[in-house]
Each structure stands twice: as C-alpha cells, then as structure tokens.
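Results of the structural survey
Residues per chain, in single letters:
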Amino acid sequence: MITKTWKEFLSILDKFEFEKFDLIVAIASGGIIPAAFIQQKLNIPMQIIHINYRNKNHEPIYSNAKLFEEKAFPYNSKRILLVDDVLKTGNTIKVAKQYLKNNTVKTCFINGKGNYSFFQTKACLKMPWKR
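This section reports on the structure supplied with the text. (Residues numbered from 1 in each chain as written. Predicted model: local features only at pLDDT ≥ 70, side-chain atom pairs only at ≥ 80, totals over all residues. Heavy atoms only, no water.)

1. Section: the environment of L42
Applied cut-off: Numbering goes from the N terminus for both helices and strands, where a helix is a DSSP run of H or I of at least four residues and a strand is a run of E of at least two.
In this fold, L42 is placed in helix 2 (residues 32–42). In this structure the C-alpha to C-alpha distance between L42 and G112, which are 70 residues apart in sequence, comes to 21 Å.

Given below as structure tokens:
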C-alpha cells in the first residue's frame, strides 16, 4: 500500500484545468471527500449518489454494482463531473453513467484512468482522508 499525503493530493488538484461543468456528482462513499475539494475549486453544486459494489476490504459483495437511489436523477442536459476514489472493474461507473444517462458525463478518479486522474497505478493507495 502506498500512502499519499494531503500535500500531494492538493498539489495535483491545484494543477488540474477542469473544463466547465454544471454539477459534480460524487459516488458515495469514496468519492465524497475528493468531490468536496473539487467542488470548492469549481464553485458549482454537488450531488451525492449511493452505489456499492465492494466492502471495506475491497471485496465484491454484490454480483454487480448496486444503485441505492429511489428516484430518477433530477437533472437533464447538464455537464457533469462524476467523481469516485478508485476505478478497478468499471462496474460502479457503468451503473452511475446509466443513472446519469440524460446528461454529458466526464469522470475523475483518485486512482484509475478517467477524463481526470490523480494517479494511475495498480498499487493500493491510502489517501490522507482514509482511516
């Protein structure tokens, strides 16, 4: 496991030149803290959606990622930045994009290849907000 510091995280965030978005959508729970920092930088609204696929030991607990939202996503035709901590299999992102399907969605991951990526490593990262 590789431990990252607040200084490393904030240094990378400061360097990003984000395009214009109407809304940030954080995937709970891993995407909430990084999305909050991005929200402060971009000064746009943020929503949280609840999707789960793995337990705290990163083991799958469902056969596919499970969306826990009871209603349809309340926005259409928005430019959305979808934020999560890790992209491994793509199951969670696939479910999130389907839920946000009436919008233009770009992705941001702490670790994994997205439109915006802090790191792209197979190693497990421990970010400063993780206990």
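2. A few points about the side chain of T92
The condition is simple: Under the scheme applied here, a residue whose accessible area is under 20% of the maximum for its type counts as buried, over 50% as exposed, and between as partly exposed, the area being computed with a 1.4 Å probe on protein chains only. Any pair of residues with heavy atoms lying within 4.5 Å of one another is described as a contacting pair.
For T92, the location among the structural elements is in helix 3 (residues 91–99). Exposure remark for T92: the relative accessible area of 17% places this residue in the buried category. Setting aside chain neighbours within four positions, we find T92 in contact with I27, I51, Y53, A65 and D84.

3. Considering helix 2
Our working definition: In this context, the arc is that of the directions from the helix axis out to the C-beta atoms.
For helix 2, the complete set of buried residues consists of P34, A35 and I38. Buried residues of helix 2 fall within an arc of 100° about the axis and therefore sit on the same side. Those residues of helix 2 that are buried are in contact with helix 1 (6–15), strand 2 (23–28), strand 3 (46–52), strand 5 (79–86) and strand 6 (104–111). In the stretch just after helix 2, N43 is the one whose phi turns positive, near 55°.

4. So, the packing of helix 1 against helix 2
Short version of the rule: To define axes, lines are fitted to C-alpha atoms, for helices over the stretch in contact only, and angles between the resulting N-to-C directions are given on a 0 to 180 degree scale. Here roughly perpendicular refers to angles of 65 to 115 degrees, roughly parallel to angles under 35, roughly antiparallel to angles over 145, and oblique to all remaining angles. Working rule for handedness: look at the near helix, and if it is turned counterclockwise from the far one by less than a right angle, call the crossing left-handed; if clockwise, right-handed.
Where helix 1 meets helix 2, the axes come as close as 11 Å, and the angle between the chain directions of the two elements is 45°. With respect to each other, helix 1 and helix 2 are oriented oblique. Relative to helix 2, the crossing made by helix 1 is right-handed. Listed contacts from helix 2 to W6, F9, L10, L13 and D14 of helix 1 are I33, P34, F37, I38 and K41.

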